[in-house]
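# Structure assessment
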There are 2 protein chains.
Amino acid sequence: MDIAKSISNSLAKEVVSITVNQELWDITRPIHSDARIKLHKFDDSEGKLAYWHSSAHLMAEALENLYPGMKFGIGPAIENGFYYDVDPGDGVTITDSDLPRIEDKMKELAAQNNTYLREEISKSEVLKLFKSKGDEYKVELINELEDGTISVYKQGEFTDLCRGPHLPSTSYIKAIKLLSVAGAYWRGDEKRKQLTRIYGITFPKQKMLDEYLEFLEQAKARDHRKIGKELELFTFSQKVGMGLPLWLPKGAALRERLENFLKKVQKKYGYEQVMTPHIGQKELYVTSGHYAKYGQDSFKPIKTPQEGEEYLLKPMNCPHHCEIYKSKPRSYRDLPVRMAEFGTVYRYEMSGELHGLTRVRGFTQDDAHIFCRPDQLKDEFKKVIDIILYIFRILDFADFTTQISLRDKENTEKYIGTDENWEKAEQAIIEASNEKGLKTTIVYGEAAFYGPKLDFMVRDALGRNWQLGTIQVDYNLPDRFELEYIGSDDQRHRPVMIHRAPFGSMERFIAVLIEHTAGKFPLWLAPDQVIILPIGEKFHDYAEKVLNFLNNSDIRTLIDKRSEKIGKKIRESELKKIPYLLIVGEKEMSDGTVSVRKQGEGDKGSMSLEDFANFINKEVVKQIAE
Amino acid sequence: MDIAKSISNSLAKEVVSITVNQELWDITRPIHSDARIKLHKFDDSEGKLAYWHSSAHLMAEALENLYPGMKFGIGPAIENGFYYDVDPGDGVTITDSDLPRIEDKMKELAAQNNTYLREEISKSEVLKLFKSKGDEYKVELINELEDGTISVYKQGEFTDLCRGPHLPSTSYIKAIKLLSVAGAYWRGDEKRKQLTRIYGITFPKQKMLDEYLEFLEQAKARDHRKIGKELELFTFSQKVGMGLPLWLPKGAALRERLENFLKKVQKKYGYEQVMTPHIGQKELYVTSGHYAKYGQDSFKPIKTPQEGEEYLLKPMNCPHHCEIYKSKPRSYRDLPVRMAEFGTVYRYEMSGELHGLTRVRGFTQDDAHIFCRPDQLKDEFKKVIDIILYIFRILDFADFTTQISLRDKENTEKYIGTDENWEKAEQAIIEASNEKGLKTTIVYGEAAFYGPKLDFMVRDALGRNWQLGTIQVDYNLPDRFELEYIGSDDQRHRPVMIHRAPFGSMERFIAVLIEHTAGKFPLWLAPDQVIILPIGEKFHDYAEKVLNFLNNSDIRTLIDKRSEKIGKKIRESELKKIPYLLIVGEKEMSDGTVSVRKQGEGDKGSMSLEDFANFINKEVVKQIAE
């Protein structure tokens, strides 16, 4: 803090934490030797961490005040705000309706401007402290700590076991909102007690909180689960099982349009579609290495009633594609082989982790594997980048970033494959990305266990980042499956493999697309493209004629025959996000025309049926033009 | 035999067995009281049964003669011929190369004209007989028989435990061919000894045998496993697992064309595509009743690593579709709901039962479920018949029969549902079939456990029958899933369900189509429609131009650039069953034309590229026109 003040008073007011020799510290903690430092404001992620962690302590203080005897689990800062897991004691429950009261108490305590005091303390002392409070969860945590490195923080009457860092004092916390209450098992273990998790967020300015709450409202309105239900795209069934989406007709058709769109692009780029089963012998995944890596946390093997076989739900399509590659001899002239499949895979996730279409237990990858010669690797990589950039352009994800994930060079034993192969692969990714003009971030230690990768993150209309497409180089599976081709030298060689999925998965991609567009899909994708609104019952026959004409022209058309006022019909159709509204009445019927309204833009004048159909079909072609 | 002779001598020469009061008897067995009788020639299935069963005994006699001490299992007549399971004893093996010798011995014994003598015998006597022979398999069978109903048949030196009936004597057997040797577990139990199964067939005339062997040759040439490999349509991998086809690019594309063809028809008929996961909670199938019925013989449940859940690979799509039906309230005005899915299901089959694409462990049904009001049932049924008849016409299955499978009225406890519902459903099927002019056979006792059905059997180019499409009425699942709609009376009603699959499964249908067409698919389906054959290297550039033009016109085109003589290229392309061959040389290049040859028909003159593309595309449209 003294250093910040020595620079400027205004800076000192804003700094909330500091990095000292790569450790995050309280901004008020004395530095006793030369060090490299970095000051953090709230805007930095390191600043937010201290800010929200201190807010969690503040909430805990308020809770202890309001609920004497409450026991505390853990209370970390998270991506947006903080939470605290608490045990209010038998017979006491905390619900959403209690949150305002807790908020008020927090504001009161914040205004007291209590200092966050750090104290380093011996294990025996800290144990005594929390035992005397009866805080069994903290005692359990303390027992696992090493003596000599334990610290506690105290503000006002509240003391917490904590590594820090924290704000200088509670008055830094200006705007407070507690968001929700949920259940959470102690240490994430379903066999242990379910605690009460209270989520909240705080900001240094009320305006920032207001903006955040507005963002939350918008995100809620765009929630793909809500829109997916309204537009009847997909549903879930308790009986079928959690995290297993059932695609309703409009959703299945939307998904098929996306698949056909990608199939067409891929065909142009020389991909061939294959189809493989959704199970494979356990042996297949032992060969691929997936069983050793993921077997324990996956859906368990499927046994046969006789013959003692064991199968697994496929978690990946690649082993199957390797077996197809092996189904005939390959020559250097046959490469690259580009094998594509919309392959549905199954991966176990804890039920608490599931979320709409973004976190599911079964999903369809827009998967492909390219088997190529080492000299073709970079070019193939560049072609995949081209496909992904084309898709992003058509689907209006103008704002995206890319990340190259490389090996952690300090800790190579967790990766499969030779150093030489890793280096070749990493080089190819970096060069291809550079040559395609991508501005990439390189992150060490984020590679898959079988190879380095290039990931695409898109920023949606609310500014949220989503990881979508991925391209991975793999020198490993070709080794494990002993894939070969005969080179121009008549010798056997090993091909290189590229895994790639521009959408990632159909489920996740559609979820992102819904939230990005708020369900207002581009015309070519829209579940319903046109709705006909007759202004009275005597125009129903003509409206039917228009309907048939448009449906026969491959335009997805509805009709609204309810006896409602035309104004109401228009409003409701706009809410349903149908791109074009056709009003038909006396004049339209006698002229053989329709009055066209574009969703969100209003009247576009009248057109003949042919002209309108041509107009729509041309719009569609234009939207997906390369 | 005396009765036959009393009618005519020529008849007496041909009769081989007789039905007496619904029991099949030897033609020489005396009838001691009034009885209803039916005489059987070899042409009848009852005649073949006696003929081939007697042939099995003849083979056993030959084997006992050639391999003293051989032990015998069972030796029945089958659909085409007969087999005998034998235990040649330790160290003795019988292979295909031994078959001619056994055949010769059979011919020798047949010529001896030995009588098949029937003898009814007590259990203790027959046990003594086979124990003295050391025939442990027969002894095991005898121990399970009831005393007083046991018979043996003797011809020449050979005696067999047998219910009969048999031919009068061995000289009836004129033409003999032993076909193959295989392993077969005693009583089909993999834990018991593997016996040697010898297959054979016999006929009353050499000409009939010659024709049959010619048929076998043809069937072998049309074997979908062989053609599927040659045309690179699909493959299997030991590592992925038995009975799990991997669709290669050309096969996946063929399958997609068939699926798109059906999707288009179904869309016209008001079907909506949905997509559901390949697993479901065990509870889902407990609700549907599938678990109680098939659980024991199915792939075992998939457990989760935590949370103690149990899932099953879906053996049927219907439970998932019921859950979609339930996902929102339905009114009588919304019905029928026609829900279609190309749904991949998994069913365990013993490895020994698997066969190419016709008997697999994972297959994709062209499934749909129609949920309708009872008053819509018959009409919906008729519409499904229309779709099936359309498909049969387009795919050239002109020769088909239909079978209505009803309940076994004597034994109703194995069916689920009320008598009243069964009668309503059976009536609707019969009426719909009659009104559509189908000539149906009605078979009692062949219904599925949940409802009656109408099955379509097609006769292929070799005269073999294949069961394909099926339509089933189901009053049961709507009950079990408590499906409802609100009627015009504002009351809750239960919909009726129709299960239907015109192809049956994509795998099986494609297998039948391959064997029916011998891989010579109609133009619209053919994996490769056109091959360009340049008559020398200097026309390669022009050939490439033709290739691009045709591929851009959505015509699946190849090019053969090998430096082979044009005659050889033509012959090889014809063998590959590519419908059109385009020869390009000097004249074609300078005129901008192609010389067209049609597969199997020869030269069709020259055409401009545009004309040829139009011609092909028109042919395709014509082939699938309704």
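Since the structure is predicted, the reported quantities are computational estimates derived from the model, not experimental observations. (Residues numbered from 1 in each chain as written. Chains lettered and ligands numbered in written order. Predicted model: local features only at pLDDT ≥ 70, side-chain atom pairs only at ≥ 80, totals over all residues. Heavy atoms only, no water.)

### Examining the relation of the copies chain A and chain B
Heads up, the rule is: The least-squares superposition of copies is restricted to C-alpha atoms, and to residues with a pLDDT of at least 70 in both copies. Note on contacts: a residue pair is in contact if any heavy atoms of the two residues lie within 4.5 Å.
Between chain A and chain B, the superposition needs a rotation of 180° and an axial shift of 0.1 Å, giving an RMSD of 0.2 Å. Seen this way, the second copy is the image of the first under a two-fold rotation axis. Across chain A, the rotation axis passes nearest the C-alpha of I302 of chain A, at a separation of 2.7 Å. Of all interface residues in chain A, 100% are interface residues in chain B too; the two copies therefore contact each other through one and the same surface.

### Looking at the side chain of E61 of chain A
Residue and element names in this part refer to chain A. This is how the line gets drawn: Secondary structure elements follow DSSP: runs of H or I of four or more residues count as helices, runs of E of two or more count as strands, with numbering from the N terminus. Under the scheme applied here, a residue whose accessible area is under 20% of the maximum for its type counts as buried, over 50% as exposed, and between as partly exposed, the area being computed with a 1.4 Å probe on protein chains only. The charged-residue count follows a simple rule in which Lys and Arg add positive charge and Asp and Glu add negative charge, with His and chain termini not counted at all. Here, a salt bridge means any Lys or Arg side-chain nitrogen found within 4 Å of an Asp or Glu carboxyl oxygen.
Note on placement: E61 falls in helix 3 (residues 45-66). Although buried, E61 forms no salt bridge, and the nearest oppositely charged side chain, K105, lies 8.9 Å from it. Apart from residues lying up to four places away in sequence, E61 is in contact with L109, N114, Q155, G156, E157 and F158.

### Section: the sheet that holds strand 31 (residues 602-608) of chain B
Residues and elements named next belong to chain B. The following threshold applies: DSSP calls a pair of strands paired once it identifies at least 2 bridges connecting them. An axis is simply a line fitted to the C-alpha atoms; with a helix, the fit covers only the stretch in contact. Between two such axes, the angle follows the N-to-C directions and lies from 0 to 180 degrees.
Pairing is mixed in the open sheet, where five strands are placed in the order 28-27-29-30-31. Each having just a single partner strand, strand 28 (557-559) and strand 31 make up the two edges of the open sheet. Averaged over neighbouring strand pairs, the angle between their axes works out to 25° when direction is ignored. Here strand 27 (residues 530-534) pairs with strand 29 (residues 580-584) via five bridges, running parallel. Paired with P534 across the bridge in strand 29 is V584. Sheet strands in contact with helix 17 (residues 540-552) are strand 27, strand 28, strand 29 and strand 30 (593-598), and its direction is about 165° off that of strand 28.

### A look at the sheet that holds strand 30 (residues 593-598) of chain A
All names here are of chain A. Taken in spatial order, the five strands of this open sheet run 28-27-29-30-31, and their pairing is mixed. The open sheet terminates on both sides in strands that have one partner only, identified here as strand 28 (557-559) and strand 31 (602-608). The sheet shows a mean angle of 25° between the axes of neighbouring strands, direction not considered. With respect to the sheet, helix 18 (residues 566-575) is in contact with strand 27 (530-534), strand 29 (580-584) and strand 30, its orientation differing from that of strand 27 by roughly 170°. Across the face of the sheet, helix 20 (residues 609-623) comes into contact with strand 27, strand 29, strand 30 and strand 31 while running at roughly 120° to strand 31.

### Quick word on the pairing of strand 26 (residues 496-501) of chain B
All names here are of chain B. Burial analysis of strand 26 places six of its six residues in the buried class, which makes it a mostly covered element. Burial of strand 26 is two-sided: the residues V496, I498 and R500 facing one way and the residues M497, H499 and A501 facing the other way are all buried. Taken together, the five bridges between strand 19 (residues 362-372) and strand 26 define a ladder with antiparallel strand orientation. The partner of A368 across the bridge, within strand 26, is R500. With five bridges joining them, strand 23 (residues 465-474) and strand 26 adopt antiparallel strand pairing. Paired with Q472 across the bridge in strand 26 is H499.

### Details of the interface of chain A and chain B
Our working rule: By definition, the buried area sums, over both parts, the 1.4 Å-probe accessible area that each loses when the two are put together. Two N or O atoms form a polar contact when they lie within 3.5 Å of each other; inside protein one atom must be a possible hydrogen donor and the other a possible acceptor, and for residues adjacent in sequence the pair counts only when both atoms belong to side chains.
Listed as interface residues are 59 residues of chain A and, on the opposing side, 59 residues of chain B. In this assembly, chain A packs against chain B so that about 5,200 Å² is buried in total across both faces, 60% of it on carbon and sulfur atoms. Of all residues in chain A, the largest losses of buried area upon contact with chain B belong to K239, M275 and E307 of chain A, amounting jointly to 14% of the total for that side. Between chain A and chain B we count eight salt bridges in total. In this structure, E256 of chain B and K263 of chain A form a salt bridge, with 2.5 Å as the shortest nitrogen-oxygen distance. The tally of links between chain A and chain B comes to 35 residue pairs in polar contact (both at pLDDT 80 or more).

### Topic: the pattern of salt bridges
Scanning the model with the defined rule gives 107 salt bridges over all chains in all. One salt bridge in this structure joins R225 of chain B and D223 of chain B, with 2.6 Å as the shortest N-O distance. Taking the relative accessible area as the measure of exposure, R225 of chain B reaches 38% and is therefore partly exposed. Across the pair D460 of chain B and R464 of chain B runs a salt bridge, and its minimum N-O distance is 2.8 Å. The same class applies to D460 of chain B as to R464 of chain B, namely buried. Within the structure, one salt-bridge network assembled from shared partners comprises D560, R562, E564, K568 and E572 of chain A.

### Observations regarding the nonpolar core
The cut-off we apply is this: Residues belong to one nonpolar core when they are buried, are Ala, Val, Leu, Ile, Met, Phe, Trp, Tyr or Cys, and are joined through side-chain atoms within 4.5 Å.
By size, the foremost hydrophobic cluster in this structure holds 80 residues, and its most contacted members are L258, L395 and F612 of chain A. Counting residues per element, this core draws most heavily on helix 13 (residues 377-394) of chain A, at ten residues. Beyond its immediate stretch of four places on either side in the chain, F612 of chain A contacts V530, L550, Y580, L582, V594, V596 and M607 of chain A. Formed by 79 residues, the second largest nonpolar core is a distinct cluster that contains L454, V473, V496 and L525 of chain B.

### Remarks on empty space enclosed by the protein
All names here are of chain B. The test is simple: Throughout, the protein atoms alone are placed on a 1 Å grid, and a set of points is a cavity if a 1.4 Å probe fits but cannot get out or a pocket if it is open with protein on both sides within 12 Å along at least five of seven lines; lining residues have an atom within 4 Å of a point. Grid points are joined across faces, edges and corners, and a volume is the space filled by probe spheres set on the points.
For the structure shown, the criterion picks out two cavities of 30 Å³ or more. Volume-wise, the largest cavity comes out at about 80 Å³. If you go around the largest cavity, you meet 14 residues; those closest to its centre are N421, W422, Y450, Y475 and N476. Those elements giving two or more residues to the lining of the largest cavity turn out to be helix 14 (419-435), strand 23 and helix 15 (476-480). Residue contributions to the lining of the largest cavity peak at three residues, all from helix 14.

### Topic: helix 20 of chain A
Residue and element names in this part refer to chain A. What counts here: Expected span of a helix, by definition, is 1.5 Å for each gap between consecutive residues, and there is one gap fewer than residues. Directions are taken from the helix axis to each C-beta atom, and the arc is the one they span.
Across its 15 residues, helix 20 extends 21 Å between first and last C-alpha, which sits within 8% of the 21 Å expected from 1.5 Å per residue. Taken residue by residue, helix 20 has L609, F612, A613, I616, E619 and V620 as its buried positions. The buried residues of helix 20 occupy an angular sector of 125° when projected down its axis, which confines them to one face. Facing away from the buried side of helix 20 by more than 90 degrees, the exposed set consists of K618, V621 and K622. Each element contacted by the buried residues of helix 20 is listed here: strand 27, helix 17 (540-552), strand 29, strand 30 and strand 31.

Purely geometric stuff here, so don't read any function into it on its own.
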